[in-house]
Amino acid sequence: MTAGQSRTPLVAGNWKMNGLSSALAELRALSDRLQASPAPCDILVCPPFTLIAAACQAAPQTPIGGQDCHPNASGAHTGDISAEMLVDCGATAVIVGHSERRTDHGETDALVKSKAEAGLSQGLTVIVCVGETEAERDAGKTLDVIAGQVRGSMPADATPDKVIIAYEPVWAIGTGRTPSVADVEDVHGSIRALLRQTLTNGANMRILYGGSVKPANASELMHAADVDGALIGGASLKAVDFDGIIDAYR
Ligand code: PEP
């Protein structure tokens, strides 16, 4: 993936705990669509761990990522997957700190940061997810919560070419609800200001929006100020929908 002054947009799919081997047909279909009509943006697909190696074989031109990694390289961590293992099976990126990990597995900012550092140490591009709950938004705490998560989860030595922030309001994930474009721009603008303050070249770090992005709403969300692409859950499972979102940049 390439990020520069112009911040090449990224459209990333997160399959979550969905997809058996048969789902690779969707990945092949996506790959065929991208060959027929190339994407003027970066693309990433993050299937479950079980499909990563097969996905790399099924669609060699499509970058494949993991949805999580353990902070350690190896050891007695039953059921976990290390960043090194992701690389070993062909992944080039990893998502860390998704709200479902933060909620279902009690992941803290400190843990997310250590996972991000593990990913970077193996050369992976790292997508760090942040987002407020509905209660936090209703209490007017959105910008404070997001600033705290960005500061707390940001790996040491983060650079814009290897770290990407994904802003995903928890209440918008999988619900069909989205913030207004003005609200998205408000949060992305505040993240951008923080990145500029705290990182060298923070202006160049990509900030994705995630939460109920579909082909029908992709264009307005992805062309909002300081939005550099999208992290897509449900709509990434079908090639036609994922490609329909990519259309926002064609
Ligand atoms: C996600 O979980 O990262 C996500 C954005 O999900 P959805 O697109 O289904 O809301």
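It should be noted that the structure appears before, not after, this text.
Thresholds applied
Residues numbered from 1 in each chain as written. Predicted model: local features only at pLDDT ≥ 70, side-chain atom pairs only at ≥ 80, totals over all residues. Heavy atoms only, no water. Helix = DSSP H or I, 4+ residues; strand = E, 2+ residues; numbered from the N terminus. Buried < 20%, exposed > 50% of the residue type's maximum accessible area, 1.4 Å probe, protein only. Contact = heavy atoms within 4.5 Å. Expected span 1.5 Å × (residues − 1). Arc of directions from axis to C-beta. Pairing = 2+ DSSP bridges. Right-handed = clockwise from strand over helix to strand, strands pointing away. Axes fitted to C-alpha atoms, helices over the stretch in contact; angles between N-to-C directions. Left-handed = near helix turned anticlockwise from the far one by under 90°. Nonpolar A, V, L, I, M, F, W, Y, C, P; charged D, E, K, R; others polar. Near = heavy atom within 4 Å. Polar contact = N/O pair within 3.5 Å; in protein donor to acceptor, adjacent residues only side chain to side chain. Areas by Shrake-Rupley, 256 points an atom, 1.4 Å probe, with all protein chains shown as cover.

**Section: the side chain of His188**
Mapping His188 onto the fold places it in helix H8 (residues 181-198). We classify His188 as buried; its relative accessible area is 0%.

**Details of helix H10 (residues 239-246)**
Counting buried positions along H10 yields six of eight residues, so the element is predominantly enclosed. Among the residues of H10, those classed as buried are Ala239, Phe242, Asp243, Gly244, Ile245 and Ile246. The secondary structure elements touched by the buried residues of H10 are strand E1 (10-14), helix H1 (24-36), strand E2 (42-46), helix H9 (215-222) and strand E8 (229-232).

**Considering the environment of Asp157**
Residue placement: Asp157 occurs in the loop between helix H7 (142-153) and strand E6 (163-167). Separated by 40 residues in the primary sequence, Asp157 and Glu117 have C-alpha atoms spaced 8.6 Å apart.

**What to know about H8**
Taking 1.5 Å per residue as the helical rise, H8 with its 18 residues ought to reach 26 Å, and the 25 Å between its terminal C-alpha atoms agrees with that figure. Within the span of H8, buried status applies to Val184, Val187, His188, Ile191, Arg192, Leu194 and Leu195. One face of H8 carries all of its buried residues, which in axial projection span an arc of 165°. Exposed and facing more than 90 degrees away from the buried side of H8 are Ala182, Arg196 and Gln197.

**Let's talk about the pairing of strand E4 (residues 93-96)**
Residues Ala93 and Ile95 point to one face of E4 and Val94 and Val96 to the other, with burial holding for every one of them. With two bridges joining them, strand E3 (residues 65-66) and E4 adopt parallel strand pairing. By the bridge assignment for E4, Gly66 is matched with Val94. Note on the crossover from E3 through helix H3 (residues 83-88) to E4: the handedness is right-handed. Sheet analysis places E4 next to strand E5 (residues 125-130), joined by four bridges and oriented parallel. Bridging from a neighbouring strand, Val96 pairs with Val128 of E5.

**Topic: the packing of H1 against H10**
Running from amino to carboxyl end, H1 crosses H10 at an angle of 35°, the nearest separation of the two axes being 9 Å. Here H1 runs over H10; the crossing is right-handed. Between H1 and H10, the contacting residues are Glu26, Ala29, Leu30, Arg33 and Leu34 on the first element and Ala239, Val240, Phe242, Asp243 and Ile246 on the second. Classifying every residue of the contact of H1 with H10 by side-chain character gives seven nonpolar, no polar and three charged.

**Remarks on the sheet that holds strand E7 (residues 207-210)**
Sheet architecture is open: eight strands sit in the order E2-E1-E8-E7-E6-E5-E4-E3, paired in parallel fashion. If you trace the sheet from one side to the other, it starts and ends with E2 and E3, each paired once. Against the sheet, H7 touches E5 and E6, its axis set at about 150° to E5.

**Description of the site of the ligand**
Contacts to the ligand come from 14 residues, most closely from Lys16, His98, Glu168, Gly174 and Ser212. Note that an oxygen atom of the ligand is positioned 2.5 Å from one of the side-chain N or O atoms of Lys16. Between an oxygen atom of the ligand and a main-chain N or O atom of Gly174, the distance comes to 2.7 Å. In isolation the ligand offers 290 Å² of accessible surface; the protein chains occlude 97% of this area. Taken together, the residues of the shell around the ligand break down into four nonpolar, eight polar and two charged.

**Description of the pairing of E5**
Burial runs high along E5: six of the six residues are buried. Residues Thr125, Ile127 and Cys129 point to one face of E5 and Val126, Val128 and Val130 to the other, with burial holding for every one of them. Here E5 runs beside E6; their pairing, made up of five bridges, is parallel. Following the sheet pairing, Val130 is matched in E6 by Tyr167.

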